[in-house]
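# Architecture and fold: a report
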Amino acid sequence: MSDALSRYQARHQQLSSGSSSVGGTLEAAGDLLRRSSRVGVQAVEPALRAVTRPQIETWLQSQKPAELRTQLLKAAEEAVEVALGEGGDEAEMWRTSAMDGLSARDRAASAARALGQWEALHGALTGPAAQRRDDFLQALGNLDNALRPRARWFIPLNPQRRQERDLLDSSEQAQAWWFSARADCDDLVATWTQQPQSLSPHLQSCADCRDDLADTAIVDQPPARHVSADELWRLDVGLLSTDERARIESHTAQCSDCAQAVLALEEGDAAIDEALEMEAEGSTGPGLAARTSREAVPRRPGARLPEQREVLEERRDFRVLLVRERQRVRLLVQPLSGRTVTAAVFTAPGKPSIKPTQGPEGISFELGADGGGTRSAHLTVMAGGETLERDFSY
């Protein structure tokens with residue numbers, strides 16, 4: 001920790017020299033303000049008073065906080081390499097690079113804190129500058145909403161994260177989730193490569209770790225195979241064997257999705273029967289309806305499938321599908337190459353992400369009822385070294 005502490009103590013000299021850019025001054029001042037109990041703030045006010053309003057406005061125009069998302073996602077990939085790699089110099093390289101990504105988010109937090117202090121000294125920003133300030137802060141908030149729930153990615157960096165967390169003032173630690181969230185969940189990493197024989201005291205007591213273990217249980221012990229489209233068609237035309245029908249009945253007793261698919265077939269059959277009866281009665285009288293057989297109506301494989309799937313994106317490691325089922329829409333992210341895939345969906349800026357469910361096909365997000373006008377959402381997918389950011393409508 002002494003090295004990290006010395007690094008922050010050096011911010012005083014950086015501010016006193018007056019040689020930093022506006023962004024560098026804000027970051028250094030914010031670093032000290034957020035660690036005041038450990039390093040003091042004596043150099044902060046003179047440095048911020050020297051920054052002019054036009055300089056602040058120019059700095060705000062240059063900010064691109066959305067780029068931090070890419071840095072943090074890259075840091076997450078590198079942190080996983082620390083845990084799953086072979087160790088040694090390579091692991092140290094991944095660890096250093098991943099911590100650089102977390103530090104970039106922390107510097108943005110320091111700049112935001114110093115900006116608030118600058119306004120306290122010079123007066124609040126107004127007009128377009130105030131709007132740019134609000135946009136900057138909102139973008140940081142959106143980023144945090146997206147990635148805070150995925151803080152487990154950074155658990156392999158916990159020794160270094162704890163050092164950084166402990167240097168922050170107590171009032172700052174919870175907000176700096178990139179250093180503090182899941183910083184004591186080291187035991188979870190061992191479960192990424194093997195099923196533990198018994199849970200450690202931490203894994204037993206930590207609600208977040210228990211949730212993570214529950215989410216991965218379906219991968220370790222996958223549920224029974226779902227009913228396929230071919231089986232649904234053969235069920236519809238009466239071609240299933242007794243054993244196949246028994247398996248489907250057993251599966252649908254526990255799987256609401258497949259039960260809904262079978263129900264859709266039954267409702268479709270009833271609609272066809274009703275239409276045939278109405279047509280027969282309208283043309284030749286009710287007598288023909290009794291002699292009309294629905295089996296005489298030719299059917300083809302794939303007719304009246306219980307869902308519609310639209311491929312939104314296909315990459316080497318994953319595929320993104322928009323699935324329209326009976327009265328609902330969901331987004332499905334399917335792994336393709338055996339790599340670990342993570343995804344998040346947001347229906348509006350600043351709102352929490354939709355809670356995903358893990359199934360045999362991949363990661364599923366319930367988007368709500370079908371119909372009711374066009375809606376939009378934002379998707380983030382990370383797999384291997386690839387990251388997808390996409391807005392989509394449904």
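Before reading on, note that the structure itself is shown above.
Residues numbered from 1 in each chain as written. Predicted model: local features only at pLDDT ≥ 70, side-chain atom pairs only at ≥ 80, totals over all residues. Heavy atoms only, no water.

## Structural notes on the packing of helix α6 (residues 67-84) against helix α8 (residues 127-147)
For clarity, the threshold we go by: Helix axes are fitted only over the stretch in contact, all axes being lines through C-alpha atoms; the angle between N-to-C directions runs from 0 to 180 degrees. Starting at the N terminus, helices and strands are each numbered in turn, a helix being any DSSP run of H or I of at least four residues and a strand any DSSP run of E of at least two. To sort the angles, those under 35 degrees are grouped as roughly parallel, those over 145 as roughly antiparallel, those from 65 to 115 as roughly perpendicular, and the leftovers as oblique. In this scheme, a crossing is called left-handed if the near helix is turned counterclockwise away from the far one by less than a right angle; it is called right-handed if the turn is clockwise. Contacts are residue-level and defined by heavy atoms, with any inter-residue pair within 4.5 Å sufficient. Residues are sorted three ways: Asp, Glu, Lys and Arg are charged, Ala, Val, Leu, Ile, Met, Phe, Trp, Tyr, Cys and Pro are nonpolar, and all the rest, Gly among them, are polar.
Contact geometry for α6 and α8: axes closest at 10 Å, N-to-C directions at 25°. Here α6 is positioned roughly parallel relative to α8, judged by the angle of their axes. The two elements α6 and α8 cross, and the hand of that crossing is right-handed. Counted together, Leu68, Arg69, Leu72 and Leu73 of α6 and Leu140, Leu143, Ala146 and Leu147 of α8 form the full contact between these two elements. Partitioning the contact of α6 with α8 into residue classes produces seven nonpolar, no polar and one charged.

## A closer look at the side chain of Arg150
For clarity, the cut-off: Note on exposure labels: buried denotes an accessible area under 20% of the residue type's maximum, exposed denotes more than 50%, and partly exposed covers the range between, all computed with a 1.4 Å probe on protein chains only.
Inspection of the secondary structure puts Arg150 in the loop between α8 and α9 (158-167). Using a relative accessible area of 9% as the deciding quantity, one classes Arg150 as buried. When sequence neighbours within four positions are dropped, the list of residues in contact with Arg150 reads Ala343, Ala344 and Pro356.

## Observations concerning helix α2 (residues 22-33)
Condition: In this scheme, a helix's expected span is set at 1.5 Å multiplied by one less than its residue total.
With 12 residues, α2 should cover 16 Å at 1.5 Å per step; its first-to-last C-alpha distance of 16 Å lies within 8% of that length. Among the 12 residues of α2, 11 are classified as buried, and the element is accordingly described as predominantly covered. Among the residues of α2, those classed as buried are Val22, Gly23, Gly24, Thr25, Leu26, Ala28, Ala29, Gly30, Asp31, Leu32 and Leu33.

## Looking at unusual backbone geometry
Backbone geometry places Arg182, a non-glycine residue, at a positive phi of 65°. By the element assignment, Arg182 lies in the loop between α11 (177-180) and α12 (201-205).

## What to know about the sheet that holds strand β5 (residues 357-359)
For clarity, the threshold we go by: Pairing between strands is defined by DSSP: at least two bridges between them are needed.
Ordered in space as β1-β2-β3-β6-β5, the five strands form an open sheet in which the pairing is antiparallel. The sheet terminates laterally at β1 (308-314) and β5, the two strands that pair on one side only. On average, each strand axis in the sheet is tilted by 25° relative to the strand beside it, whichever way the strands run. Here β5 runs beside strand β6 (residues 362-368); their pairing, made up of three bridges, is antiparallel. Pairing of Thr357 across the sheet is with Ser364, part of β6.

## Let's talk about the packing of aromatic side chains
Think of a pair of aromatic rings as described by two things: how far the centres are apart, and how the planes are tilted against each other in angle. The condition is simple: Any Phe, Tyr or Trp ring, taking Trp's six-membered ring, that has another such ring centre within 6.5 Å forms a pair; planes under 30 degrees apart are called stacked, those over 60 apart edge-to-face, and the others tilted. A ring is considered to have a charge above it if a Lys NZ or an Arg CZ atom is located within 6 Å of its centre and within 35 degrees of its normal.
By the definition in use, this model includes three aromatic pairs. Seen from their ring centres, Trp59 and Phe136 are 5.5 Å apart, and the 75° between their planes marks the pair as edge-to-face. Placement of the pair is Trp59 in helix α5 (residues 53-62) and Phe136 in helix α8, with a sequence separation of 77 residues. Judged on exposure class, the residue Trp59 and its partner Phe136 are both buried. Cluster of aromatic residues (ring-pair linked, three or more members): Phe154, Trp177 and Trp178. Its guanidinium or amino end placed over the ring of Tyr8, Arg35 lies 3.9 Å from that ring's centre, counting from NZ or CZ.

## Overview of the sheet that holds strand β4 (residues 341-346)
One open sheet holds the three strands; their spatial order is β4-β7-β8, and the pairing between them is antiparallel. The two strands at the open ends of the sheet, each matched to only one other strand, are β4 and β8 (386-393). Sheet twist, expressed as the average angle between the axes of neighbouring strands with direction ignored, equals 15°. As defined by bridge partners, β4 adjoins strand β7 (residues 376-383) across six bridges and the pair is classed as antiparallel.

## With respect to the pattern of salt bridges
For clarity, the cut-off: A pairing counts as a salt bridge when a side-chain nitrogen of Lys or Arg comes within 4 Å of a carboxyl oxygen of Asp or Glu.
Within this structure, the stated rule accounts for 25 salt bridges. Between Arg34 and Asp106 there is a salt bridge, with the nearest N and O atoms lying 2.8 Å from each other. Of this pair, Arg34 sits in the loop between α2 and α3 (36-39) while Asp106 sits in helix α7 (residues 88-122), placing them 72 residues apart in sequence. Of the two residues, Arg34 and Asp106, both sit in the buried class. Its salt-bridge partner being Glu172, residue Arg113 comes within 2.7 Å of it at the nearest N-O pair. With Arg113 in helix α7 and Glu172 in helix α10 (residues 170-173), the pair connects residues that are 59 residues apart, well separated along the chain. Look at Arg113 and you get partly exposed, because its relative accessible area is 33%. Residue class for Glu172 comes out buried when judged on its relative accessible area of 11%. Residues joined by salt bridges that share partners form a network here, namely Arg11, Asp31, Arg34, Arg35, Asp106, Arg113 and Glu172.

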